[in-house]
Amino acid sequence: MTTKRYSQEQLAAQPIGYWTREAANLIIDGLRTALAEEQLTQPHWWTLNHIAGAPGTWTRTALTAKLTPFDDQDTDFDALYADLTTRGWLTETDGHLTLTEAGEAGRLRAHDRNAKVHARMREGIDDTAYAATIDTLRHLVANLGGNGDLPS
(Lines give C-alpha, C1' and ligand atoms only; values in the text may rest on other atoms or scores of the structure.)
Protein backbone atom coordinates (compact mmCIF):
# COMPACT_ATOMS: atom_id res chain seq x y z
CA MET A 1 0.00 0.00 0.00
CA THR A 2 1.31 3.43 -0.88
CA THR A 3 0.72 6.14 1.68
CA LYS A 4 0.56 9.75 0.58
CA ARG A 5 3.53 11.89 1.69
CA TYR A 6 3.06 15.06 3.76
CA SER A 7 5.46 17.75 4.84
CA GLN A 8 6.99 17.77 8.31
CA GLU A 9 4.98 20.92 9.02
CA GLN A 10 1.68 19.25 8.04
CA LEU A 11 2.44 16.18 10.13
CA ALA A 12 3.54 18.17 13.18
CA ALA A 13 0.18 19.99 13.15
CA GLN A 14 -1.82 16.75 13.37
CA PRO A 15 -3.76 15.79 16.53
CA ILE A 16 -1.84 12.98 18.23
CA GLY A 17 -4.97 11.77 20.04
CA TYR A 18 -6.78 11.12 16.77
CA TRP A 19 -3.90 9.15 15.25
CA THR A 20 -3.05 7.12 18.36
CA ARG A 21 -6.70 6.20 18.92
CA GLU A 22 -7.22 5.31 15.26
CA ALA A 23 -4.05 3.18 15.22
CA ALA A 24 -4.89 1.50 18.53
CA ASN A 25 -8.43 0.67 17.46
CA LEU A 26 -7.31 -0.83 14.14
CA ILE A 27 -4.41 -2.78 15.68
CA ILE A 28 -6.51 -4.17 18.53
CA ASP A 29 -9.36 -5.06 16.16
CA GLY A 30 -6.94 -6.82 13.80
CA LEU A 31 -5.35 -8.81 16.60
CA ARG A 32 -8.69 -9.70 18.22
CA THR A 33 -10.08 -10.82 14.85
CA ALA A 34 -7.03 -13.02 14.24
CA LEU A 35 -7.28 -14.54 17.73
CA ALA A 36 -11.02 -15.14 17.33
CA GLU A 37 -10.18 -17.51 14.47
CA GLU A 38 -8.72 -19.76 17.20
CA GLN A 39 -11.67 -18.99 19.55
CA LEU A 40 -9.31 -16.94 21.72
CA THR A 41 -9.50 -13.50 23.28
CA GLN A 42 -6.56 -11.20 23.98
CA PRO A 43 -6.54 -12.28 27.65
CA HIS A 44 -6.31 -15.91 26.44
CA TRP A 45 -3.33 -14.87 24.32
CA TRP A 46 -1.61 -13.06 27.18
CA THR A 47 -2.20 -16.04 29.45
CA LEU A 48 -0.78 -18.54 26.98
CA ASN A 49 2.33 -16.41 26.39
CA HIS A 50 3.05 -15.77 30.04
CA ILE A 51 2.69 -19.44 30.94
CA ALA A 52 4.80 -20.52 27.94
CA GLY A 53 7.49 -18.02 28.96
CA ALA A 54 7.77 -19.39 32.49
CA PRO A 55 6.19 -22.87 32.62
CA GLY A 56 5.18 -24.08 36.05
CA THR A 57 5.92 -20.78 37.80
CA TRP A 58 2.65 -18.85 37.43
CA THR A 59 -0.23 -19.32 39.85
CA ARG A 60 -3.74 -18.22 38.95
CA THR A 61 -3.57 -15.40 41.50
CA ALA A 62 -0.20 -14.05 40.34
CA LEU A 63 -1.05 -14.27 36.64
CA THR A 64 -4.45 -12.67 37.12
CA ALA A 65 -2.82 -9.81 39.05
CA LYS A 66 -0.23 -9.39 36.28
CA LEU A 67 -2.77 -9.33 33.42
CA THR A 68 -5.71 -7.46 34.94
CA PRO A 69 -4.21 -3.97 34.43
CA PHE A 70 -4.10 -4.59 30.65
CA ASP A 71 -7.62 -6.03 30.43
CA ASP A 72 -10.32 -3.81 28.93
CA GLN A 73 -12.83 -6.65 28.53
CA ASP A 74 -13.69 -7.27 32.20
CA THR A 75 -12.35 -10.80 31.85
CA ASP A 76 -13.29 -13.48 34.34
CA PHE A 77 -9.84 -15.05 34.56
CA ASP A 78 -11.11 -18.07 36.50
CA ALA A 79 -13.47 -18.81 33.60
CA LEU A 80 -10.60 -18.26 31.15
CA TYR A 81 -8.38 -20.76 33.02
CA ALA A 82 -11.30 -23.20 33.09
CA ASP A 83 -11.79 -22.75 29.33
CA LEU A 84 -8.12 -23.48 28.59
CA THR A 85 -8.22 -26.48 30.92
CA THR A 86 -11.38 -27.83 29.27
CA ARG A 87 -9.72 -27.49 25.85
CA GLY A 88 -6.85 -29.57 27.18
CA TRP A 89 -4.42 -26.65 26.73
CA LEU A 90 -3.64 -25.98 30.38
CA THR A 91 -2.82 -28.06 33.42
CA GLU A 92 -2.37 -27.05 37.02
CA THR A 93 -0.03 -28.88 39.37
CA ASP A 94 0.43 -27.75 42.97
CA GLY A 95 -1.26 -24.47 42.04
CA HIS A 96 1.12 -23.74 39.14
CA LEU A 97 0.05 -23.45 35.51
CA THR A 98 1.65 -25.22 32.54
CA LEU A 99 0.65 -25.50 28.91
CA THR A 100 0.05 -28.92 27.44
CA GLU A 101 1.35 -29.89 24.00
CA ALA A 102 -2.07 -28.96 22.61
CA GLY A 103 -1.88 -25.62 24.42
CA GLU A 104 1.53 -24.85 22.97
CA ALA A 105 0.31 -25.85 19.50
CA GLY A 106 -2.68 -23.51 19.90
CA ARG A 107 -0.41 -20.73 21.13
CA LEU A 108 1.83 -21.17 18.10
CA ARG A 109 -1.16 -21.07 15.72
CA ALA A 110 -2.35 -17.87 17.39
CA HIS A 111 1.19 -16.47 17.21
CA ASP A 112 1.26 -17.09 13.46
CA ARG A 113 -2.08 -15.31 13.03
CA ASN A 114 -0.88 -12.34 15.11
CA ALA A 115 2.40 -12.23 13.20
CA LYS A 116 0.43 -11.72 9.97
CA VAL A 117 -1.37 -8.74 11.54
CA HIS A 118 1.94 -7.29 12.73
CA ALA A 119 3.55 -7.79 9.30
CA ARG A 120 0.64 -6.03 7.60
CA MET A 121 0.78 -3.20 10.13
CA ARG A 122 4.53 -2.71 9.61
CA GLU A 123 4.52 -2.75 5.79
CA GLY A 124 6.77 0.07 4.60
CA ILE A 125 7.98 0.85 8.14
CA ASP A 126 11.57 -0.15 8.90
CA ASP A 127 12.79 -1.05 12.39
CA THR A 128 14.37 2.38 12.90
CA ALA A 129 11.13 4.25 12.19
CA TYR A 130 9.10 1.80 14.26
CA ALA A 131 11.48 2.09 17.23
CA ALA A 132 11.40 5.89 16.96
CA THR A 133 7.60 5.80 17.03
CA ILE A 134 7.55 3.60 20.13
CA ASP A 135 10.12 5.82 21.82
CA THR A 136 8.11 8.95 21.00
CA LEU A 137 4.94 7.38 22.40
CA ARG A 138 6.80 6.31 25.55
CA HIS A 139 7.93 9.90 26.07
CA LEU A 140 4.41 11.26 25.47
CA VAL A 141 3.06 8.83 28.07
CA ALA A 142 5.77 9.75 30.58
CA ASN A 143 5.31 13.48 29.95
CA LEU A 144 1.63 13.11 30.81
CA GLY A 145 2.36 11.30 34.07
CA GLY A 146 2.12 7.73 32.86
CA ASN A 147 4.65 4.94 32.97
CA GLY A 148 7.07 5.31 30.06
CA ASP A 149 8.89 2.06 30.84
CA LEU A 150 8.54 -0.89 28.50
CA PRO A 151 6.05 -3.47 29.80
CA SER A 152 7.54 -6.65 31.19
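Our structure's up above, just so we're on the same page.
Residues numbered from 1 in each chain as written. Predicted model: local features only at pLDDT ≥ 70, side-chain atom pairs only at ≥ 80, totals over all residues. Heavy atoms only, no water.

Engineer: Could you give an account of the side chain of N114, with specific residues and numbers?
Structural biologist: Relative to the elements of secondary structure, N114 occurs in helix α6 (residues 101-121). Judged by its relative accessible area of 5%, N114 is buried. (Helix = DSSP H or I, 4+ residues; strand = E, 2+ residues; numbered from the N terminus. Buried < 20%, exposed > 50% of the residue type's maximum accessible area, 1.4 Å probe, protein only.)

Engineer: Let's hear about the pairing of strand β1 (residues 90-93): which residues, and what values?
Structural biologist: One ladder, built from four bridges, connects β1 with strand β2 (residues 96-99); its direction is antiparallel. Note on β2: the bridge partner recorded for L90 is L99. What sits between the antiparallel neighbours β1 and β2 is a turn of two residues, in which D94 has the positive phi angle 50°. (Pairing = 2+ DSSP bridges.)

Engineer: Quick rundown of the pattern of salt bridges? Include the residues and the values.
Structural biologist: Summed over the entire model, instances satisfying the criterion amount to ten salt bridges. For D78, the salt bridge is made with R60, and the minimal N-O distance between the two is 3.6 Å. Highlighted residues: D78 in helix α5 (residues 77-86) and R60 in helix α4 (residues 60-67), separated in sequence by 18 residues. The shortest N-O distance in the salt bridge between R87 and D83 comes to 3.0 Å. A relative accessible area of 27% places R87 in the partly exposed class. By relative accessible area, which is 27% here, D83 ends up partly exposed. Each of E37, E38, R109 and R113 takes part in salt bridges that share partners, so that together they form one network. (Salt bridge = Lys/Arg side-chain N within 4 Å of Asp/Glu carboxyl O.)

Engineer: An account of the environment of R5 is needed here, citing residue identities and associated values.
Structural biologist: Mapped onto the elements of the fold, R5 is located in the segment before α1 (8-12). Residue R5 is classed as exposed on the basis of its relative accessible area, which comes to 78%. Separated by 100 residues in sequence, R5 and A105 place their C-alpha atoms 42 Å apart.

Engineer: Break down helix α3 (residues 42-53) for me, with residues and values.
Structural biologist: Under the 1.5 Å per step criterion, the end-to-end length of α3 is 16 Å for twelve residues, consistent within 8% with the ideal 16 Å. Of the residues making up α3, those classed as buried are Q42, P43, H44, W45, W46, T47, L48 and I51. Residues of α3 that are buried in the fold lie against α2 (16-36), α4, α5, β1, β2 and α6. (Expected span 1.5 Å × (residues − 1). Contact = heavy atoms within 4.5 Å.)

Engineer: Now, about the nonpolar core: what can you tell me, with residues and values included?
Structural biologist: Membership of the largest hydrophobic core comes to 18 residues, with the highest contact counts inside it found for L63, Y81 and L90. For this core, the elements supplying multiple residues, two or more each, are α3, α4, α5 and β2. If near-sequence neighbours (up to four positions away) are discounted, L90 is found in contact with I51, Y81, L84, T85, L97, T98, L99 and T100. (Core = buried A, V, L, I, M, F, W, Y, C linked by side-chain atoms within 4.5 Å.)

Engineer: Tell me about the packing of aromatic side chains, residues and numbers included.
Structural biologist: Summed over all chains, the structure comprises two aromatic pairs. Seen in terms of ring centroids, Y18 and W19 are 4.8 Å apart; in terms of plane orientation they differ by 85°. Their pairing is edge-to-face. Y18 sits in the partly exposed class, given a relative accessible area of 44%. W19 sits in the partly exposed class, given a relative accessible area of 46%. Taking 6.3 Å as the distance between ring centres and 40° as the angle between the ring planes, the aromatic pair formed by F77 and Y81 counts as tilted. Placement of both F77 and Y81 in helix α5 is noted, with a separation of four residues, approximately one turn of the helix. Over the face of the ring belonging to W89 we find R87, whose NZ or CZ atom lies 5.0 Å from the ring centre. For R122, the ring lying beneath its charged end belongs to Y130, and the centroid distance is 3.9 Å. (Phe/Tyr/Trp six-rings, centres within 6.5 Å; stacked < 30°, edge-to-face > 60°. Lys NZ or Arg CZ within 6 Å of the ring centre and 35° of its normal.)

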